[in-house]
Amino acid sequence: LHRVDRRQRQMCIRDSFKDQDRSIFFPQFPNVTYILGRTAEIIDVNLNKVLLDNGTSIGYGKCLIATGLSGPDEQIASPFQSLKDYKKLKEKISDPNVKSIAIVGGSSLSSELVHSLNKVRSDLHLYHIYSEGGSMEKMFPPYLSKYVTELSRKAGVDVKSSTSLKSIEQTSDKYILTLSNGEILEVDHAVLCTRLLPNTELAELSDLVVDNYNGGIVVNQELLVRTDLYAAGDVVSYYDYMTRRHHRLSYQEHAFETGKIAGLNMTGKRLAYINVPSFWGEVHGAKFKGVGFVDSNLDTIGIWKENEDENSDNANFEQGVVYYFDDQTIVGILLWNFPGRLDRAKRILEKEISIDEWPEEDRINRIKRLISFIALEEKDTDMEILNRFPIHEQGTA
């Protein structure tokens with residue numbers, strides 16, 4: 001769950017999390033009408049009407065779709081998608097009789113959840129089960145995913161990688177998990193952190209265009225679906241000017257920015273959504289921040305403080321910066337335990353820097369010099385910052 005305030009934004013379970021129920025009502029806006037307990041079934045874009053499940057309809061001048069994400073309808077293991085799910089898990093870990101918990105899924109959410117549970121209750125036997133070969137494998141380059149997996153094991157987590165949940169049964173007081181590798185685990189509680197999918201059923205029933213590759217409702221750069229109809233948040237498949245293709249993101253900042261731009265455009269503006277997405281997190285003492293498209297399918301170059309061989313068992317990637325490339329152009333930056341400024345990293349991406357234009361023998365040195373621009377300590381000179389990072393290339397770019 002995201003805890004957001006002006007000082008910090010992080011995903012974790014902690015006593016300071018404001019877990020009180022939040023009202024959806026805004027008394028300061030008396031012109032807002034709330035319709036509760038009803039479901040929108042079809043949007044008639046020709047008549048500008050929304051048909052509800054009770055047969056009534058609502059006309060609109062402008063309409064916004066923000067249907068978000070949902071997970072599988074699993075009735076046995078607990079999902080982790082909402083405030084209600086968080087409260088259930090918080091209640092479970094406060095019970096001293098709960099000695100073991102299995103977390104299923106290899107996403108960043110599951111990895112951060114495992115880290116948080118381990119901090120809150122170090123006596124828990126935590127199982128982390130995922131089909132990928134390493135932790136957060138879809139985001140991080142292979143050597144960094146392997147490093148995070150080892151951090152997790154050193155923290156006491158029982159990692160079950162390269163396997164998946166085949167079946168789950170619940171007895172009177174236990175969960176019995178059968179894995180695809182044949183292992184059978186018996187735990188006190190089980191949580192599913194599997195992939196959430198965009199809720200596009202309303203769009204499909206309304207004959208709107210849905211992205212079959214990324215999922216989500218297709219919008220243009222102004223977040224317009226059809227005339228007078230907009231979409232925002234996790235459910236949006238939007239065109240990115242930098243990579244020149246459609247993407248769908250599930251970042252808190254992305255949801256906020258798309259909602260803001262769509263709202264302004266609904267009131268008469270003609271603004272394009274060109275925000276460079278960002279995210280942040282922490283796993284077993286390693287804090288990371290990223291901007292742009294951080295995808296392990298892309299080519300990467302990593303600049304690390306310690307000059308270690310990535311294939312060495314003693315590799316120690318404590319601090320560094322990873323650049324992600326699409327067709328030789330920098331499209332993503334990951335700051336790993338690095339006190340850098342995301343706004344400056346975003347400015348690098350906005351420049352659409354192509355290393356293909358640089359002399360091959362000087363590419364790594366030029367990439368290293370970008371670190372000085374990102375670095376938080378403005379008093380440092382370029383040379384002082386570069387000296388902290390001896391040349392250490394990782395990846396294939």
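It should be noted that the structure appears before, not after, this text.
Residues numbered from 1 in each chain as written. Predicted model: local features only at pLDDT ≥ 70, side-chain atom pairs only at ≥ 80, totals over all residues. Heavy atoms only, no water.

Engineer: Would you explain helix 6 (residues 342-350) in this entry?
Structural biologist: Counting along an α-helix, one turn takes 3.6 residues, and residues three or four places apart therefore face a common direction. Among the residues of helix 6, L342, R344, A345, K346, I348 and L349 are the ones counted as buried. As for helix 6, its buried residues are in contact with helix 5 (252-266), strand 22 (278-283), strand 23 (286-292), strand 26 (329-336) and helix 7 (363-374). Among the residues trailing helix 6, E352 stands out with phi positive, at a value near 50°. (Buried < 20%, exposed > 50% of the residue type's maximum accessible area, 1.4 Å probe, protein only. Helix = DSSP H or I, 4+ residues; strand = E, 2+ residues; numbered from the N terminus. Contact = heavy atoms within 4.5 Å.)

Engineer: How do you make sense of the nonpolar core when you look at a structure like this?
Structural biologist: Across soluble globular proteins, you tend to see nonpolar side chains buried next to one another. Counting 73 residues, the largest nonpolar core has F140, L144, L229, Y323, I333, L334 and W336 as the members making the most contacts within it. Setting aside anything within four residues of it in sequence, one finds L229 in contact with I43, V45, Y60, C63, I65, L208, L223 and L224. Judged by nonpolar contacts, the second largest core, of 17 residues, contains I101, L113, Y130 and V157. (Core = buried A, V, L, I, M, F, W, Y, C linked by side-chain atoms within 4.5 Å.)

Engineer: Just checking my understanding: could you explain the pairing of strand 12 (residues 165-170) for this structure?
Structural biologist: Walk down a regular strand and you will see the side chains alternate between the two sheet faces. Direction of pairing for strand 12 relative to strand 13 (residues 175-179): antiparallel, over a ladder of five bridges. Its bridge partner lying in strand 13, I168 is registered against L177. The loop that links strand 12 with its antiparallel partner strand 13 comprises four residues. (Pairing = 2+ DSSP bridges.)

Engineer: Please explain the pairing of strand 13 as it appears in this structure.
Structural biologist: Residues Y175, L177 and L179 line the buried face of strand 13, whereas the alternating positions I176 and T178 sit on a face that is not buried. Taken together, the four bridges between strand 13 and strand 14 (residues 184-187) define a ladder with antiparallel strand orientation. Residue I176 lies in a different strand from strand 14, and its bridge partner there is E186. Here strand 13 folds back onto strand 14 in antiparallel fashion, the turn holding four residues, of which G182 has a positive phi close to 100°.

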